[in-house]
Amino acid sequence: MADKPFLTDIKTLRERARKHIENGAVTEGYTADRETVVKLLNEALATEIVCVLRYRRHYFMASGINAESVADEFLQHANEEQGHADQIAHRIVQLKGEPDFNPQGLLSRSHAEYVEGATLIDMIQEDLVAERIAIDSYREMITYFGNDDPTSRRMMEDILAVEEEHADDLVNLLKKIG
Ligand SMILES: [Fe+2]
Ligand SMILES: [Fe+2]
């Protein structure tokens, strides 16, 4: 039977770590295509920023009998999307990439759309659609990162779980109001 060790021996690990120390967290063992990972993370960043803007618009525009509790939900989501944007930007920098905050082209980099919505129901529906888009695209990113970039994968898994909660919150709001 082959007794090839599963792990890289300590000597090789230590030698590798000393080379290219300026790359920080990006070591020789990083097997993902870094440029593609950064590009995908920038798309996720744009998606989060568009979601922050849309939820904040909805927060300020919410009016009607049910407005207060819905507005609170919009604001909470907006703040959580901002937190996601910050996490993603931080990871991009760790990977020696540059987070793209350029407002030009933001909407075309984003997977989710910016729809203002005329009524409270419209707003909730549009937010739900945006969450469902994010859920599908983040799930694909997670599969792509796989075992090549477990840190980016785990971060996106945590974010995905929150987007699923958001979608669930919005469905419940629709039931309550509609
Ligand atoms: Fe988010
Ligand atoms: Fe969300």
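In this report, we go over the structure that sits alongside the text. (Residues numbered from 1 in each chain as written. Chains lettered and ligands numbered in written order. Predicted model: local features only at pLDDT ≥ 70, side-chain atom pairs only at ≥ 80, totals over all residues. Heavy atoms only, no water.)

## Points about the overall build of the protein chain
So, point 1. Helix and strand content of the protein chain: 6 helices and 0 strands.
So, point 2. In sequence order, the secondary structure elements of the protein chain are arranged as α-α-α-α-α-α.
So, point 3. In terms of overall dimensions, the protein chain is more spread out than a globule: its C-alpha atoms have a radius of gyration of 20 Å, far above the 16 Å expected for 178 residues.
So, point 4. On the principal axes, the C-alpha backbone points of the protein chain span a range of 70 × 40 × 20 Å.
So, point 5. Every one of the 178 residues in the protein chain was classed for burial, and the buried ones make up 39%.
So, point 6. For the protein chain, long-range pairs separated by at least 24 residues make up 78% of all intrachain contacts whose partners lie at least 6 apart in sequence.
So, point 7. If you sum the accessible surface of the protein chain, you get close to 10,700 Å²; carbon and sulfur atoms cover 52% of it.
So, point 8. Across the protein chain, the centroid of the 20 positively charged side chains sits 8 Å from that of the 34 negatively charged ones. (Helix = DSSP H or I, 4+ residues; strand = E, 2+ residues; numbered from the N terminus. Rg over C-alpha atoms; globule rule 2.2 N^0.38 Å. Buried < 20%, exposed > 50% of the residue type's maximum accessible area, 1.4 Å probe, protein only. Contact = heavy atoms within 4.5 Å. Areas by Shrake-Rupley, 256 points an atom, 1.4 Å probe, with all protein chains shown as cover. Lys, Arg positive; Asp, Glu negative; His and termini not counted. Charge placed at Lys NZ, Arg CZ, Asp CG, Glu CD.)

## Quick look at the coordination of the iron ion (ligand 1)
So, point 1. Taken together, the protein ligands of the iron ion (ligand 1) are Glu 48 (OE), Glu 48 (OE), Glu 81 (OE), His 84 (ND1) and Glu 163 (OE), with distances of 1.9 to 2.5 Å.
So, point 2. All donors to the iron ion (ligand 1) come from one chain, and their sequence spacing reads E-x32-E-x2-H-x78-E.
So, point 3. The distance between the iron ion (ligand 1) and the iron ion (ligand 2) is 4.0 Å, with Glu 81 acting as a donor to both metals. On the criterion of sequence distance, the pair formed by Glu 48 in helix H2 (residues 34–61) and His 84 in helix H3 (residues 67–94) is long-range, its members being 36 residues apart. (Donors = N, O, S within 2.8 Å, 3.2 Å for Na, K, Ca; no water.)

## Remarks on the packing of aromatic side chains
So, point 1. The full count for this structure, using the stated rule, is 3 aromatic pairs.
So, point 2. Note on Tyr 55 and Phe 74: the rings are 6.2 Å apart at their centroids and 40° apart in plane angle, and the pair reads as tilted. With Tyr 55 in helix H2 and Phe 74 in helix H3, this pair connects stretches of sequence that are 19 residues apart.
So, point 3. Overall, the relative accessible area of 0% leaves Tyr 55 in the buried class.
So, point 4. Judged by centre distance (6.1 Å) and plane angle (65°), the ring pair of Tyr 144 and Phe 145 falls under edge-to-face.
So, point 5. The ring of Tyr 55 carries the charged tip of Arg 54 above its face, separated from the ring centre by 5.0 Å. (Phe/Tyr/Trp six-rings, centres within 6.5 Å; stacked < 30°, edge-to-face > 60°. Lys NZ or Arg CZ within 6 Å of the ring centre and 35° of its normal.)

## A word on unusual backbone geometry
So, point 1. The phi dihedral of Lys 96 is positive, around 65°, even though this residue is not glycine.
So, point 2. Judged by relative accessible area, Lys 96 falls into the partly exposed class, the value being 45%.

## Overview of the pattern of salt bridges
So, point 1. In the structure shown here, the tally under the stated rule is 8 salt bridges.
So, point 2. Notably, a salt bridge pairs Glu 43 with Lys 39, separated by 3.0 Å at the nearest N-O pair. Within this pair, Glu 43 and its partner Lys 39 are both found in helix H2, separated by 4 residues, close to a single helical turn.
So, point 3. Of the residues examined, Glu 43 reaches a relative accessible area of 18% and is grouped as buried.
So, point 4. In this structure, Glu 157 engages Arg 153 in a salt bridge whose closest nitrogen and oxygen atoms are separated by 3.5 Å. In this pair, Glu 157 and Arg 153 are both assigned in helix H6 (residues 150–177), 4 residues apart and thus about one turn of the helix distant.
So, point 5. What you see here is one network of salt bridges that share partners, running through Asp 136, Arg 139 and Glu 164. (Salt bridge = Lys/Arg side-chain N within 4 Å of Asp/Glu carboxyl O.)

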